[in-house]
Amino acid sequence: MAFDYSLIGKRIKHARDKQGITQEVLAEKLDVSNAYISKIERGKTPINLDRLSQLCVVLDESPEYILSGANIPTQDYLRNEIILMLEDCSPEKIKLIMQVIKSIVEFKEQ
């Protein structure tokens, strides 16, 4: 199973924001550099299992959520994944995505 480190990083950033802490505070709690946290959040460097475990404790999140976005008890986690993917898209790209989604939703299966 391949991991999308960009999405993992976005989930970490989201969890950090939800806790109301900065990258600097998170880095301090994990005894790592701020640059390392920044690289993880941008998906530029993978996170090892030991660090993931520490991070989950600090951010009060499950490893399942950080790795796959799937610890939410409902199927809404897929909506959250789509929202995370759209965060970095330009307005033009979002408009194109909307057109594709609309076509799929309106498609009538036979």
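Fair warning: this is a prediction, and the values are worked out from it, not measured in the lab.

**A few points about the UniProt feature "domain: HTH cro/C1-type" (unreviewed entry) in the chain**
Per the UniProt annotation, the sites labelled "domain: HTH cro/C1-type" (unreviewed entry) are residues 12–66. In residues 12–66, helix accounts for 71% and strand for 0%; the two terminal C-alpha atoms are 6 Å from one another.

**As for the pattern of salt bridges**
Within the structure shown, the criterion is met by 5 salt bridges. We note a salt bridge from lysine 10 to aspartate 88, for which the minimum N-O separation is 2.9 Å. One end of the pair, lysine 10, is in helix α1 (residues 5–19); the other, aspartate 88, is in the loop between α6 (77–86) and α7 (91–106), and 78 residues separate them in sequence. Exposure remark for lysine 10: the relative accessible area of 12% places this residue in the buried category. When its relative accessible area of 62% is taken as the criterion, aspartate 88 is described as exposed. Two residues, glutamate 41 and arginine 16, come together in a salt bridge whose shortest N-O distance is 2.5 Å.

**Considerations on α7**
When the terminal C-alpha atoms of α7 are compared, their 22 Å separation across 16 residues agrees well with the 22 Å that a helix rising 1.5 Å per residue should span. In terms of burial, α7 is largely open, as just 0 of its 16 residues are buried.

**Thoughts on the environment of glutamate 81**
As for its placement among the helices and strands, glutamate 81 is situated in helix α6. Distance in space between the C-alpha atoms of glutamate 81 and isoleucine 12 is 13 Å, their sequence separation being 69 residues. With near-sequence residues (within four places) excluded, glutamate 81 lies in contact with Leu7, Arg11, Ser68 and Gly69.

Each value, and the rule that gives it
- Residues numbered from 1 in each chain as written.
- Predicted model: local features only at pLDDT ≥ 70, side-chain atom pairs only at ≥ 80, totals over all residues.
- Heavy atoms only, no water.
- UniProt positions renumbered as here; feature names shortened; annotations may be inferred.
- Helix = DSSP H or I, 4+ residues; strand = E, 2+ residues; numbered from the N terminus.
- Salt bridge = Lys/Arg side-chain N within 4 Å of Asp/Glu carboxyl O.
- Buried < 20%, exposed > 50% of the residue type's maximum accessible area, 1.4 Å probe, protein only.
- Expected span 1.5 Å × (residues − 1).
- Contact = heavy atoms within 4.5 Å.

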